Amino acid sequence: MKMRLRVLVYMNPVVVDKISKRFLYQKDSGFLFTKSLINSLPNDWRFLVLVPKKFNSSFFPTNHIVQCIEYDYCTSIHQNRYHFNRNIISKALPYSTDVDVIISNQPEISANLKVFFQNQRRENPIIINYFHWIDCKESSDFAHGLTGYIYREIDGVLSSNLSCFHNEYAKSLYDNSVNEITGKESSYKYGFFHPKATKFGEDPITLPDKKIILFNHRLNNTTGWQEVVDACTELAKERDDFVLWLTDDQSLKNKPMLEEKKFIINKRLVFNQYGYLIMKSHFSVCNTKGYATWNMSILDSILNGCLPIVPDNKLYRYMLSDTGVYFNPKDLKLCIRKHLDMSVQDNRNELKKIRMAENEIDIVKFIYDEISDRIKDRNITKYDDVVKYIKQKIVAEKSEFVNEFWSFHANSNFQIIRWMLLADGFIDDTQKVKSTYHYNDKADWERQFNDDRTKQLRLDGSDVFE
């Protein structure tokens, strides 16, 4: 079974410029993941992505149908776990449109989304949670202010059809937190997802004539950046052949201390130059402490041609299938010295040996199976009338047959009718904002759809606010 579906994507923006308060979505792992996810899904699906203000829609894959809808995300990651603006979503999704699937990158909001669709539209779209962060003892140990959201996460899991975690370890963190609260095992549908690295641009820039140790992580309590700086400070007393490049320059309170150290470069680069820096670095360092369920910086290093050295723990052995370069945290300085002494080629030979874990869930199959289960043996009274209506018109918008056969614009049968139509071979023109069904020769429709695609691939969502 193959269907053209409509997907609503709720984001979890976390990277914000502390001065301008603008979202730095180009450097946000959640946005980079969503970009990769959309790229992996069928390009005849329509994706409605709730994006922050001043977002450039060209960020997303141009060979997919992406409609960006401006949404008032908070610049506080804590407040975003509670904030929900039903008015924006309601205005963007009139009754003439459909949503088959919701991808929720903020599981704490999934219950809000479920209630909105049930009450506003009498619908139950398939809700899929992606857990990029988990409220658990391990995460609160290094950031006490981040805890207190586990009840929202439990609500989100109970309100969704599938919850995806980075790996078994990440799922265990959630399960253990639930068990501490409820005293029993939690039962729900789950799967694993592996965010993909980003291939950055390689526009040449002037780099120091020294070996570059890259630290491409945030400067916060969980990344262990201070220990890396301390280790390099000791090494700088012995040698003068390296620099430590820190890519997070948003930490204002640490700037004076970092500027005092001549071997440190604290500077972020634009997308088109960042790949060149990674490629030219001698190696990169990861030194996360305590809580972590995945690490995009490690993956970015690998994909862009730089060997990462990583702590020896279960997470990274899982991520890298036991093929990484691991160090005991007590031996961080020794490991850095060892890889400084190695040649560029030797480090690259180590990089070639790394293999990534593979056990991701097939999201497309899950969605199609879920739709099949929901329409199995269903008998909707007016379904035959709708089929006859579309066949007579050849092309018909949802609003047309709703106005023809129903007095109200919200009905629990509308979504089931839609899925039955798609399963029976009717085609929704997902290039249009309004759900528009075709009934004609499928081969002819495929050709027309592809011809139309070349005319308009990028949609900015302005039409839904008119």
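Our structure's up above, just so we're on the same page.
Colleague: Can you break down empty space enclosed by the protein residue by residue, with the values?
Modeller: Counted by the stated rule, this structure contains four cavities of 30 Å³ or more. Roughly 50 Å³ of internal volume is contained in the largest cavity. Taken together, D98, K398, F401, V402, F414, I417, R418, L421 and Y437 make up the full set of residues lining the largest cavity. Looking at the lining of the largest cavity, the elements with two or more residues in it are α16 (398–405) and α17 (413–423). Ranked by the residues each element gives to the lining of the largest cavity, the list is headed by α17, at four residues. Each residue belonging to the lining of the largest cavity can be placed in one class, and the counts come to six nonpolar, no polar and three charged.

Colleague: Please give an account of the nonpolar core that cites residues and values.
Modeller: Ranked by internal contacts, the top residues of the largest apolar core, which has 76 residues, are I128 and I367. Counting 40 residues, the second largest nonpolar core, distinct from the first, contains I213, W294, M296 and I354.

Colleague: Break down the pairing of strand β9 (residues 242–246) for me, with residues and values.
Modeller: For β9, the buried fraction is high: five of the five residues fall into the buried class. Side chains F242, L244 and L246 of β9 all project onto a buried face; the interleaved residues V243 and W245 project onto the opposite face, where all are buried too. Note that strand β8 (residues 211–215) and β9 share five bridges and pair parallel. Residue I213 lies in a different strand from β9, and its bridge partner there is L244. Note on the crossover from β8 through helix α7 (residues 225–236) to β9: the handedness is right-handed. Here three bridges tie β9 to strand β10 (residues 264–266), and the two strands are oriented parallel to one another.

Conventions used here
- Residues numbered from 1 in each chain as written.
- Predicted model: local features only at pLDDT ≥ 70, side-chain atom pairs only at ≥ 80, totals over all residues.
- Heavy atoms only, no water.
- 1 Å grid on protein atoms, 1.4 Å probe; cavity = no way out; pocket = protein on both sides within 12 Å on 5 of 7 lines; lining within 4 Å.
- Points joined across faces, edges and corners; volume = space filled by probe spheres on them.
- Helix = DSSP H or I, 4+ residues; strand = E, 2+ residues; numbered from the N terminus.
- Nonpolar A, V, L, I, M, F, W, Y, C, P; charged D, E, K, R; others polar.
- Core = buried A, V, L, I, M, F, W, Y, C linked by side-chain atoms within 4.5 Å.
- Buried < 20%, exposed > 50% of the residue type's maximum accessible area, 1.4 Å probe, protein only.
- Pairing = 2+ DSSP bridges.
- Right-handed = clockwise from strand over helix to strand, strands pointing away.

On their own, these measurements won't tell you what the molecule is for.
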